[in-house]
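Listed below, chain by chain, are the residues.
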Amino acid sequence: MKPEDVDFATTATPAEMKEMFTSAGVRLINNKGEKHGTITARLHEQNFEITTLRIDVVTDGRHAEVEFTTDWEKDAERRDLTVNSMFLGLDGMLYDFFNGYEDLKNKKIRFVGQASERIQEDYLRILRYFRFYGRITEKSGDHESSTLQAIKENAKGLAGISGERIWVELKKILLGNHVNHLVRLMYELDVAQYIGLPLSGNLEEFDRVTKSVQNLCPKPMTVLTSLFKVKDDVINLDLRLKISKEEKNLGLFLLKHREDLTKAMGPEPLKPYQDFIMDSREANTNSRICELLKYQGEEHLLREMQQWTVPSFPVSGHDLRKMGVSSGKEIGTALQQLRDEWKKSGYHMDKEELLSCLKKL
């Protein structure tokens, strides 16, 4: 796998790095991370983030005040999980103080040191634990009981974490492995109520949908909506997590149509969905319908829908004027009648057929 970015660590302080890069003619960009010890160098059209080794002096469960160090083990100690606490030297030497490599080989996710201490440094680590669990482990339910206990005891700390940070992690969990198991754990360990999830989520529906969307590349909101029973569940999620307008609207759309907009019996199962798109005046209805088909587990229809091009209505007001229809009101009525005929034909009738149909009407 090609990583999106590579994080570099060094014993050099930010001031020393700046001096070295400047004298070597390397461009530096944005200095926002400097107080945390991070310098961003721009080289060969790529950004490189290099951070000074550091230790956390004060933590409040969200942010940390840091102090620079030259001790690699001390820096590794402040990482969240053992698999995230390894360093690779530029010569290929692995520096691993907490058996991260062993855990990675065995597909185990463990906190560095005491789970409760790591969590209290930043409560978002509870969700990071779930996310990496879904990414690395092979089977669900392979947790250390002390870790689950630490999560349960500290779940309330998530109430103080910003919705935006929670949503970034939750979206990744929803698209990862073992999502069913992990969301059930969130309810069992009292995490759900602090991250915007409904108090009594519909876990049976969630169970069904997570199975049916496998391999269909759903959006996170498509998966999450299966937990919701009523419109207020989406509203409350938005209040807590500040999801985007598009995500909120997708949730409301799926909630409203997941049961009443379904495939037709007979030779044209896709027609109800196509009619809905044609009747809608909104630009993104097509993509919402695709998410609805994923939600319903209609893989075959989804493929058909993705290949379907929304047809253009072939008749215009100008065509009707040429035929002698002059008043605006009559043109409007006639266009609607023709649209209905066109729809009945499965959008196959062309201009000539429709206009000859108008004469009969």
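Use the structure listed above.
Notes on the structure follow.

What counts, and at which threshold
Residues numbered from 1 in each chain as written. Predicted model: local features only at pLDDT ≥ 70, side-chain atom pairs only at ≥ 80, totals over all residues. Heavy atoms only, no water. Salt bridge = Lys/Arg side-chain N within 4 Å of Asp/Glu carboxyl O. Buried < 20%, exposed > 50% of the residue type's maximum accessible area, 1.4 Å probe, protein only. Axes fitted to C-alpha atoms, helices over the stretch in contact; angles between N-to-C directions. Helix = DSSP H or I, 4+ residues; strand = E, 2+ residues; numbered from the N terminus. Parallel < 35°, antiparallel > 145°, perpendicular 65-115°, else oblique. Left-handed = near helix turned anticlockwise from the far one by under 90°. Contact = heavy atoms within 4.5 Å. Nonpolar A, V, L, I, M, F, W, Y, C, P; charged D, E, K, R; others polar. 1 Å grid on protein atoms, 1.4 Å probe; cavity = no way out; pocket = protein on both sides within 12 Å on 5 of 7 lines; lining within 4 Å. Points joined across faces, edges and corners; volume = space filled by probe spheres on them.

A word on the pattern of salt bridges
Now for step 1: Scanning all chains against the criterion turns up 27 salt bridges.
Now for step 2: Two residues, Asp103 and Arg110, come together in a salt bridge whose shortest N-O distance is 2.7 Å.
Now for step 3: Overall, the relative accessible area of 7% leaves Asp103 in the buried class.
Now for step 4: Given the relative accessible area of 21%, Arg110 is considered partly exposed.

Things to note about the packing of helix H8 (residues 179-188) against helix H9 (residues 203-212)
Now for step 1: Between H8 and H9, whose axes approach to 10 Å, the crossing angle comes to 160 degrees. Here H8 lies roughly antiparallel to H9, going by the angle between them. The two elements H8 and H9 cross, and the hand of that crossing is right-handed. Contacts between H8 and H9 involve Val179, Asn180, Val183, Arg184 and Tyr187 from the first element and Leu203, Glu204, Phe206, Asp207 and Thr210 from the second.
Now for step 2: For the contact of H8 with H9, the residue count by class is 5 nonpolar, 2 polar and 3 charged.

What about the layout of surface pockets?
Now for step 1: Counted as a void, the second largest pocket has a volume near 350 Å³.
Now for step 2: In this structure, the second largest pocket is lined by 17 residues; those nearest its centre are Leu175, Gly176, Val179, Thr210 and Gln214.
Now for step 3: Where the lining of the second largest pocket is concerned, the elements lending two or more residues are H8 and H9.
Now for step 4: Across the lining of the second largest pocket, the residue classes break down as 8 nonpolar, 7 polar and 2 charged.

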